[in-house]
Amino acid sequence: MTRWTSTLSLALFVLGCGARFERELAYTSHESRANNGVVMDYAVFTPPGWTAEERLPLVVFLHGGGDSHDAFDRHGVTDRLEEAMAEGRVPRAVVVLPNGHLGFWANWWNQSRRYEDWIVYEVIPRVRRDYRTQACPENCHIMGVSMGGAGSLRIALHQPGVFRTVASLSGPVLNTDAMLRFVSSPLIALAIPAQNIFGPPDRARVQQEDLYLVWDGPDAVAQDRIFIAWGSEDREMIIEGGRAFHDHLEEHAIPHSWIEYEGNHSWVSWGPVIESAFRANLGDGPQGPVEPGPATAGGEATATAETAPATL
């Protein structure tokens, strides 16, 4: 894959489409100080039988590009999680899904949007108050898919005292050179204001957020648990990036769970892997390869656990 093809792929996977669906989550809107008074939305999932007396962990789940805070309802994950929690396949938790638009879950360089601050200083306090969730960071977790997976890793890096665990499903992990190409690309600029979001190309600044450089040992990672996943039929850059990041974590003795699931860059494939992420990060399982969640009905793809480090 050429550099330009890889860059174009990164631009394309943030686009998506929707369909009619039934809303089952609890939806909330409010004016966000972090986003200069813009009305921002989030949705909250509660497990079957939840009452205000039950105090549960809080999971912040970040959607991918082209999706929004209704992603669980839109893609059938709400029903899947309800069934999994009712059957005891995954730990019970309150899940909040903020709407991050196409903002890469970042505090923008030009300060017109501050999605990270909105999550940490507005969404989490509101949900913890309204749903009486357990204290952070011991019982707060962040995870996401695609753009949301990359955003989860970035926020975990920036907010070491907020989340106990982080999970990235099919999220791109860009090193310094790849990030500089992304920000500088005229193809990216056609669809995404990358330099408004991340700032002009500056190697020294980008290196400060390069996980391949910053996460150089177990003591450099604030979170207790890391979960990463990518699909066997995922975007090529996601497969290569997932394997490379897994190899980096292994090389630097950073404990983590991982899975290369059978499937592609879609919610059909992510459904079982979300269950795996919940078990790996909210449960008490060992680090390393994880068991897949069960496939859903209708021939949807199931996941398979990685059994050995992959070679690029």
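Scoring rules and cut-offs
- Residues numbered from 1 in each chain as written.
- Predicted model: local features only at pLDDT ≥ 70, side-chain atom pairs only at ≥ 80, totals over all residues.
- Heavy atoms only, no water.
- pLDDT = per-residue confidence, 0-100.
- Contact = heavy atoms within 4.5 Å.
- Buried < 20%, exposed > 50% of the residue type's maximum accessible area, 1.4 Å probe, protein only.
- Helix = DSSP H or I, 4+ residues; strand = E, 2+ residues; numbered from the N terminus.
- Pairing = 2+ DSSP bridges.
- Disulfide = S-S within 2.5 Å.
- Salt bridge = Lys/Arg side-chain N within 4 Å of Asp/Glu carboxyl O.

Moving on, we get to the confidence of the model for the chain. This prediction gives the chain a mean pLDDT of 89; 86% of its residues lie at or above 70. The low-confidence segment residues 12–18, where pLDDT is below 50, has 19 contacts with residues more than four positions distant or belonging to other chains. Segment residues 296–312: pLDDT under 50, and 44 contacts once partners within four positions in sequence are set aside and those in other chains are kept.

Moving on, we get to the pairing of strand S4 (residues 94–98). Of all five residues that make up S4, five are buried, and the element is covered over most of its length. Here S4 shows two buried faces, one formed by Val94, Val96 and Pro98 and the other by Val95 and Leu97. For strand S2 (residues 39–45) and S4, the ladder comprises four bridges, and the chain directions are antiparallel. The residue bridging Tyr42 from the neighbouring strand is Pro98, located in S4. As paired strands, strand S3 (residues 58–62) and S4 are joined by three bridges and run parallel to one another. Its bridge partner lying in S4, Val60 is registered against Val96.

All right, on to the side chain of Gln159 then. Its place among the elements puts Gln159 in the loop between helix H5 (147–158) and strand S6 (165–169). Gln159 sits in the buried class, given a relative accessible area of 11%. Excluding residues that lie within four positions of it along the chain, Gln159 makes contacts with Glu116, Val120, Tyr121 and Gln223.

By definition, a disulfide links the sulfur atoms of two cysteines through a covalent bond. Taken as a whole, this structure holds one disulfide when the rule is applied. Covalent S-S linkage joins Cys136 and Cys140, the inter-sulfur distance amounting to 1.7 Å. Between Cys136 and Cys140, the S-S torsion sits near -55 degrees, and that sign places the bridge as left-handed. Looking at Cys136, the relative accessible area reads 25%, which means it is partly exposed.

Per the counting criterion, the structure on display carries twelve salt bridges. A salt bridge links Glu54 to Arg92; the nearest nitrogen and oxygen atoms lie 2.9 Å apart. Of this pair, Glu54 sits in the loop between S2 and S3 while Arg92 sits in the loop between helix H3 (77–86) and S4, and the two are 38 residues apart along the sequence. For Arg243, the salt bridge goes to Glu260, with nearest N and O atoms at 2.7 Å. Of this pair, Arg243 sits in helix H11 (residues 236–251) while Glu260 sits in strand S8 (residues 257–261), placing them 17 residues apart in sequence. Within the structure, one salt-bridge network assembled from shared partners comprises Arg80, Glu83, Glu87, Arg89, Glu275 and Arg279.

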